[in-house]
Amino acid sequence: MKRMAMLFLLAFAVAFTARAEEDGALSLSPAVVMLRGDHGQSTTQTLTLTNGTSRAFEFDLVASDVITRDGKRMFVEAGSIAGSIAATAVFSPAHVRVLPGQSVTATVTVTLPVDSSQRAVVALFRGTNVVLSGKVPMKASLGSLLTFTSSDDVEMSAAPLVVRPQSASTNLAVSHACTNSGHEPFVAKGVLAIVDGAGALVGKSNLESHRLLPGESEQLGGEYVGELEPGRYRVVVTYDYEGRTLTRSAEVQVR
Amino acid sequence: MLTARTRILFVSLLIAFALQLPAGARRRAVAAPVPSDELSIAFVDAGQALLDAGAIAFRPSKGRRGMATTTRTFGLRIGQPSREARGTATLRAFLETADSRCVVRIDGIVLGTAPRVIRHHAPIGIAMRHRLEIEVPPQAPEGALLTTIGWEVTTD
């Protein structure tokens, strides 16, 4: 009986140690800070960097603006654009050293400039120590994304759904281009629902959440996890963003 | 009537299978990912060292413009290991200083001193393979790369 109990515990131990087995890593928390306020207001955020490796690391703290150009997100140097949020960033301290197995905190104070159309900034812990990899020196940097919302001008637009029917080896999938056509950032949380010919809900799946900055476009979508019987269905995707909803639907024939 | 031993064995196997078995090939059950509230970076197949991209074996092969190319693939994981992606991040790389002797590429993207996006929407929690290429003229003296590859990770 004791041996069986040991086997029982061993099954747990193996399962969990396999997941807990870690190589060393550098971690930054929080990864994202979503802020709401008015132009001209300042905010101070505390960031924590943890060194899970076996050697000490040092970092310079810098800020970069995150902008959207041609629908894509880009990073630009502080002060290089009008209304730069990054240019207002003040870090304390501006340089940190974190020993193996320890954490260090730093604060960043940023101000949303008056009349700025920018809505995101990255607080970057830029690594300063070189780690040789063979003959290739490398450095690692981690950044927390700070987004700002200052109005209710939130708008999401979406192209018609493209549906990939289920096959012998793949789930039914949907995708379409979605754009933040407003002036504020948001996170779109989507749900995919399948409705049969009689209008009854067959099933639904949650879709991966996506953050869209103003002007940013992304191909959103996901898979339906269930297995559908042959027939005709309506696929309905609904996004919830900042308390609003957007719905798109399409018909699909499952053979 | 099941004995206590049989019951324990049955439960153990059930738990072990539930935790260890990969999803089936068809119609994988996809759970809604829970976004990670922290961001981390690790090179996952580098032995004990965090940023060891592995020893670069110099195997000259004729590349473009008669240059020799050294290639190495390595794994990089953003975030803590996970079976499903826990959000996405943008991965960028750059050269700290330009080394005129060589051209450095990650996944075919030529690096410069300004950070370039290597991958938008890199899955958090899942290791991805990347290809590092260093192209050098055959007459260049052997020695360490005179620049540093910087990596930047930011949550999307």
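About the criteria used
Residues numbered from 1 in each chain as written. Chains lettered and ligands numbered in written order. Predicted model: local features only at pLDDT ≥ 70, side-chain atom pairs only at ≥ 80, totals over all residues. Helix = DSSP H or I, 4+ residues; strand = E, 2+ residues; numbered from the N terminus. Buried ≥ 20, exposed ≤ 12 C-beta atoms within 10 Å, placed from the backbone. Contact = placed C-beta atoms within 7 Å. Core = buried A, V, L, I, M, F, W, Y, C linked by C-beta atoms within 7 Å. Domains from an automatic or database assignment. Nonpolar A, V, L, I, M, F, W, Y, C, P; charged D, E, K, R; others polar. pLDDT = per-residue confidence, 0-100. Pairing = 2+ DSSP bridges.

Our focus in this paragraph is the overall build of chain B. In terms of helices and strands, chain B carries 1 helix and 8 strands. Shown N-terminal to C-terminal, the secondary structure of chain B runs as helices and strands in the order α-β-β-β-β-β-β-β-β. Counting over 156 residues, chain B shows a buried share of 33%. Long-range contacts, defined as pairs at least 24 residues apart, comprise 72% of the intrachain contacts of chain B with a sequence gap of at least 6.

What follows deals with the overall build of chain A. A count of helices and strands for chain A gives 1 helix and 20 strands. Counting over 255 residues, chain A shows a buried share of 35%. Relative to all contacts within chain A whose residues are 6 or more apart in sequence, the contacts with residues 24 or more apart total 67%.

All right, on to the nonpolar core then. With 60 residues, the main nonpolar core has Ala89(A), Val121(A), Val122(A), Ala123(A), Ile41(B), Ile78(B) and Val153(B) as its most contacted residues. Ignoring any residue separated from it by four or fewer positions in sequence, one finds Val122(A) in contact with Ala63(A), Ser64(A), Val66(A), Phe75(A), Gly143(A), Ser144(A), Leu145(A) and Thr154(B). In terms of nonpolar packing, the next biggest core, distinct from the first, is built from 10 residues, Leu172(A), Ile194(A), Leu207(A) and Val235(A) among them.

Next up on the list: the domain arrangement of chain A. The extent of an interface is frequently quoted as the accessible surface area lost upon association of the parts. All names here are of chain A. Under the domain assignment, chain A is made up of domain 1 (24–149) and domain 2 (156–254). Each of domain 1 and domain 2 has a C-alpha centre, and these two points are 33 Å apart. Across the boundary between the two partners, domain 1 contributes 9 residues, which contact 9 residues of domain 2. Counting residues per element, the ones that place at least two in the side of domain 1 that touches domain 2 are strand 4 (57–69) and strand 11 (136–149). Residue classes in the side of domain 1 that touches domain 2 are distributed as 2 nonpolar, 5 polar and 2 charged.

The topology assignment puts Asp38(A) in the loop between strand 2 (32–36) and strand 3 (42–51). Judged by the 10 C-beta atoms lying within 10 Å of it, Asp38(A) is exposed.

Residue and element names in this part refer to chain B. Overall, the prediction assigns chain B a mean pLDDT of 71, with 57% of residues at 70 or greater. By mean pLDDT, the top-scoring element of chain B is strand 5 (residues 109–110) (94), and the lowest-scoring one is helix 1 (residues 4–20) (55). Under a pLDDT of 50 for its full length, residues 16–26 has, in the predicted model, 9 contacts with residues more than four places off or in other chains. The model gives residues 46–60 a pLDDT under 50, and that stretch makes 40 contacts with residues more than four places away or in other chains. Confidence estimates for the predicted assembly give a pTM of 0.77 and an ipTM of 0.76.

Residue and element names in this part refer to chain A. Structurally, Ser-205 can be placed in strand 16 (residues 201–206). We classify Ser-205 as buried; it has 22 C-beta atoms within 10 Å. Taking the C-alpha atoms as reference, Ser-205 lies 26 Å from Ala-31; in sequence the two are 174 residues apart.

With that settled, the discussion passes to the confidence of the model for chain A. Considering every residue of chain A, the mean pLDDT works out to 88; 89% of them sit at 70 or more. Low pLDDT, under 50, characterises residues 1–23 of chain A; the stretch is placed with 19 contacts to residues that sit more than four places away or in other chains.

Residues and elements named next belong to chain B. With respect to burial, strand 3 (residues 88–95) is a largely interior element, 8 of its 8 residues being buried. Burial of the side chains of strand 3 extends over both faces: Thr-88, Thr-90, Arg-92 and Phe-94 are buried on one face and Ala-89, Leu-91, Ala-93 and Leu-95 on the other. In the sheet, strand 3 pairs with strand 6 (residues 116–123) via 5 bridges, with the strands oriented antiparallel. By the bridge assignment for strand 6, Ala-93 is matched with Arg-116. Note that strand 3 and strand 8 (residues 149–155) share 7 bridges and pair antiparallel.

This part covers unusual backbone geometry. All names here are of chain A. Along the chain, Ser-29 connects to Pro-30 via a cis peptide bond; the corresponding omega equals -5 degrees. With respect to the helices and strands, the residue Pro-30 is situated in the loop between strand 1 (26–29) and strand 2. Omega for the peptide link from Ser-92 to Pro-93 comes to -5 degrees, which places this bond in the cis form. With a phi angle near 55 degrees, Asp-70 is a residue other than glycine that sits in the positive phi range. Mapped onto the elements of the fold, Asp-70 is located in the loop between strand 4 and strand 5 (72–77). Its identity as a non-glycine residue notwithstanding, Asp-115 has a phi of 70 degrees, on the positive side. Relative to the assigned elements, Asp-115 resides in the loop between strand 8 (103–111) and strand 9 (120–127).

In this section: the pairing of strand 20 (residues 244–254) of chain A. All names here are of chain A. Here strand 19 (residues 231–241) pairs with strand 20 via 11 bridges, running antiparallel. From the neighbouring strand, Thr-238 faces strand 20, where its bridge partner is Thr-247. In this antiparallel pair of consecutive strands, strand 19 and strand 20, the connection spans 2 residues, and Glu-242 shows a positive phi of 50 degrees.

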